[in-house]
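What follows is the residue order along each chain.
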Amino acid sequence: MGNDVLVVAEHLKGEFTDVTFELLGKGRELADATGGSLTAAVLGSSVDASALGAADKVVGVDHASLAEFNPETHLAALVEVVGHVDPRVTLVANTSMGMDLAAGLSVRRNAPLVAYALDVKVEDGSVVATSQLYGGKIYAESVLDGDSGIVSVLAGSFPADAGRKDGAPAVENVPAPASLDGARVKFTGLVEPEGGDVDITQHDVLVCAGRGIQSDENLPVIEELAGALGGAVCASRPIVDNKWLPKTRQVGKSGLTVKPKVYVALGVSGAPEHLEGMKDAELIIAVNTDETAPIFEVAHYGTTEDLFDLVPALTAKLK
Amino acid sequence: MNIVVPIKLVPDLVEELEINDEETDLDRDFLSFRINEFCDHALEEALSLKEAHGGTVAVIAIEREETDKVLYTALAKGADRAVKVTGVDEAASSHEAAKAMCQVIGGMEYDLVLTGVQAADDRDGQMGVLIASYLDLPHVSVVSDVEVKGDLIAVHKEYAGGVMAAFEVAPKAVLGIQAARQTPRYAPVSRVRQIMKEAELEEVEAEDGGVTSGSTVRRMYTPEKGEGAEMLDGSAEEVAEKIAAILNERKG
Ligand SMILES: Cc1cc2nc3c(=O)[nH]c(=O)nc-3n(C[C@H](O)[C@H](O)[C@H](O)COP(=O)(O)OP(=O)(O)OC[C@H]3O[C@@H](n4cnc5c(N)ncnc54)[C@H](O)[C@@H]3O)c2cc1C
């Protein structure tokens, strides 16, 4: 028990994801502050753990069924690792993979879970996590009961550099649970995105269309502004789900991460999943009629003007 | 293919959210609720699977101010059964809500449970994965493509950058739907009104599920402004002028 911290290392296509290092950096800080040790949980098949030097040790399960992420086998294996390490707190990324693990772990270990965390600390022996809720409009600080909890952390909450340290930590493998051989979920392959017409990660200026544009009939107005700025049009998820623009234009958690010099967000509320993909843009200008929209927290300049009034006026001034 | 869709109602984010005096929860007196956007996608996916492969769709929702409307709307869209769960606290956690849903799902005949991948208020985790864990069923979340392949269900799970993982899963299973293959359908008000006259909602009173979120909110707050954007005021013309100046300065 004690004050040990466990970080679930996430890997895709043979590499640990950035968020893994974000969690390791935070995990290191928590372990050092409380006199605990930091363990990385590696679930895979012959994974090279030498990039996980920030951890004191690696506890893993090595099994063919874990080679690619699988919600069923990875959860079963993680339950074993957590049982073995018995950490004070387990940090899981609130990513697509992590979402399939955290809640299941909570039920199987009968341990509290706080999700959507932006921050986590240990205060007087209690784990305290700050979650971003209601589309980013509300924050909640939760104190976890008991002496073993789970926090699922939003990607981008901590610097990844703090957790990047080479050096091969000692690896201890725990036996694979028998259930891995009879998994009901089978991984059948990765599907790569089709190449798009425009690579939005290569543009200095992006104009983002959010659901506030109301209809695809209004896209030309947005395109004109992008044209006047010499930039490209990107979009929030609902625009892509509606098939108004191709998936390659989507910015955010399940889309692309962009760092343009200028990002103009039009009718975008600024949900955490969108911010994840654009908050490091050099200059962000947001247009949104709702003054409490979370996009204004990351924007440098904002206005509550109606985008349909503002955009044509702005395009005219730039021409 | 028999499908159950447990629906979450969430506060309408377009309206202003107030926090209670204790700063531990939203002020629930003035909240208006609506169907969680991703649950609407789960319902759409369930209805299109039913149209293609037959079977039934049952929807379940926990009682709130607007639950009847949401359930009748689901019936109007083509769901076969609608169950309202009573006796669950307004501020129930995801763990508690999932347990209550399981009490109803446990008594149903089904192949798939489709839930919305997440909701704006699930502070203690996503309900779908919790339901799967309580029912000891396999689950895949962040699913955007569901296809029936013989006895198996083939799904795509979304990762970052447009990359997706393909899985096959044998029913029974729980899927957390991110996006239906088509935009959620719309039920005309007249059709909803007609259904309200014809159909009845089933009601089930939840028993105490014996679970909690396992954590306590000690402080709820709205994120500090100030560090955020510098707001530009004036008419649309004036604001456009200011933005143009900022952009030109950057370019120059
Ligand atoms: C696992 C997962 C992954 C996700 N990945 C992504 C992702 O990659 N990218 C992404 O964007 N989302 C993603 N989402 C979805 C995300 O949660 C939000 O639903 C989405 O970002 C909302 O898009 P939006 O801001 O355009 O729409 P909304 O939240 O509906 O906001 C529309 C905004 O427009 C404003 N508005 C309306 N009319 C006007 C007007 N006339 N003038 C000015 N403003 C106006 C409104 O005030 C509102 O704030 C993901 C969700 C999940 C669960």
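You'll find the structure just up there.
Calculation criteria
Residues numbered from 1 in each chain as written. Chains lettered and ligands numbered in written order. Predicted model: local features only at pLDDT ≥ 70, side-chain atom pairs only at ≥ 80, totals over all residues. Heavy atoms only, no water. Helix = DSSP H or I, 4+ residues; strand = E, 2+ residues; numbered from the N terminus. Buried < 20%, exposed > 50% of the residue type's maximum accessible area, 1.4 Å probe, protein only. Contact = heavy atoms within 4.5 Å. Lys, Arg positive; Asp, Glu negative; His and termini not counted. Charge placed at Lys NZ, Arg CZ, Asp CG, Glu CD. Near = heavy atom within 4 Å. Polar contact = N/O pair within 3.5 Å; in protein donor to acceptor, adjacent residues only side chain to side chain. Areas by Shrake-Rupley, 256 points an atom, 1.4 Å probe, with all protein chains shown as cover. Nonpolar A, V, L, I, M, F, W, Y, C, P; charged D, E, K, R; others polar. Phe/Tyr/Trp six-rings, centres within 6.5 Å; stacked < 30°, edge-to-face > 60°. Pairing = 2+ DSSP bridges. Axes fitted to C-alpha atoms, helices over the stretch in contact; angles between N-to-C directions.

**A word on the overall build of chain B**
Phase 1 of the analysis: Helix and strand content of chain B: six helices and 13 strands.
Phase 2 of the analysis: With the C-alpha coordinates aligned to their principal axes, the bounding extent of chain B is approximately 65 × 45 × 40 Å.
Phase 3 of the analysis: The buried share among the 252 residues of chain B stands at 56%.
Phase 4 of the analysis: Long-range pairs, those at least 24 residues apart, make up 71% of the contacts in chain B between residues at least 6 apart in sequence.
Phase 5 of the analysis: Side-chain charges of chain B comprise 25 positive and 49 negative groups, with the mean position of each set lying 4 Å from the other.

**Thoughts on the site of the ligand**
Phase 1 of the analysis: Close to the ligand lie 30 residues; Arg211, Ser236, Gln250, Ser269 and Asn288 of chain A are nearest.
Phase 2 of the analysis: At the site occupied by the ligand, the surrounding residues belong to chains A and B.
Phase 3 of the analysis: Between Lys253 of chain A and the ligand, the recorded distance is 3.0 Å, taken from a backbone N or O atom to an oxygen atom.
Phase 4 of the analysis: A distance of 3.3 Å separates a nitrogen atom of the ligand from a polar atom in the backbone of Thr289 of chain A.
Phase 5 of the analysis: Within the complex, 88% of the 990 Å² of free accessible area of the ligand lies under protein.
Phase 6 of the analysis: At the level of secondary structure, the elements contributing two or more residues to the shell around the ligand comprise helix 5 (237-241), helix 6 (272-275) and helix 8 (307-318) of chain A together with helix 1 (37-53) of chain B.
Phase 7 of the analysis: When its residues are assigned to classes, the shell around the ligand shows nine nonpolar, 14 polar and seven charged.

**Considering the packing of aromatic side chains**
Phase 1 of the analysis: Counted under the stated rule, the structure contains two aromatic pairs over all chains.
Phase 2 of the analysis: Relative to Tyr221 of chain B, the ring of Tyr139 of chain A has its centre 5.7 Å away and its plane inclined at 70 degrees; by these criteria the two rings are edge-to-face. Of the two residues, Tyr139 of chain A sits in strand 9 (residues 138-144) while Tyr221 of chain B sits in strand 12 (residues 215-221), which places them in two different chains. Taken as a pair, Tyr139 of chain A and Tyr221 of chain B share a single burial class, namely buried.
Phase 3 of the analysis: Ring centres of Phe187 of chain A and Phe167 of chain B lie 5.8 Å apart, and the angle between their planes is 70 degrees; on these two criteria the pair is classed as edge-to-face.

**Here's the deal with the sheet that holds strand 9 of chain A**
Phase 1 of the analysis: Judged by pairing direction, the sheet is mixed, and its ten strands sit side by side in the order 11(A)-5(A)-4(A)-1(A)-6(A)-10(A)-7(A)-8(A)-9(A)-12(B) without closing on themselves. Each of the sheet's edge strands pairs with one partner strand only, and the pair in question is strand 11 (170-173) of chain A together with strand 12 of chain B. The average undirected angle you get between the axes of adjacent strands in this sheet is 30 degrees.
Phase 2 of the analysis: On the sheet, helix 2 (residues 71-85) of chain A packs against strand 1 (5-8), strand 4 (38-44), strand 5 (57-62), strand 6 (89-93) and strand 11 of chain A and is oriented at approximately 150 degrees with respect to strand 4 of chain A.

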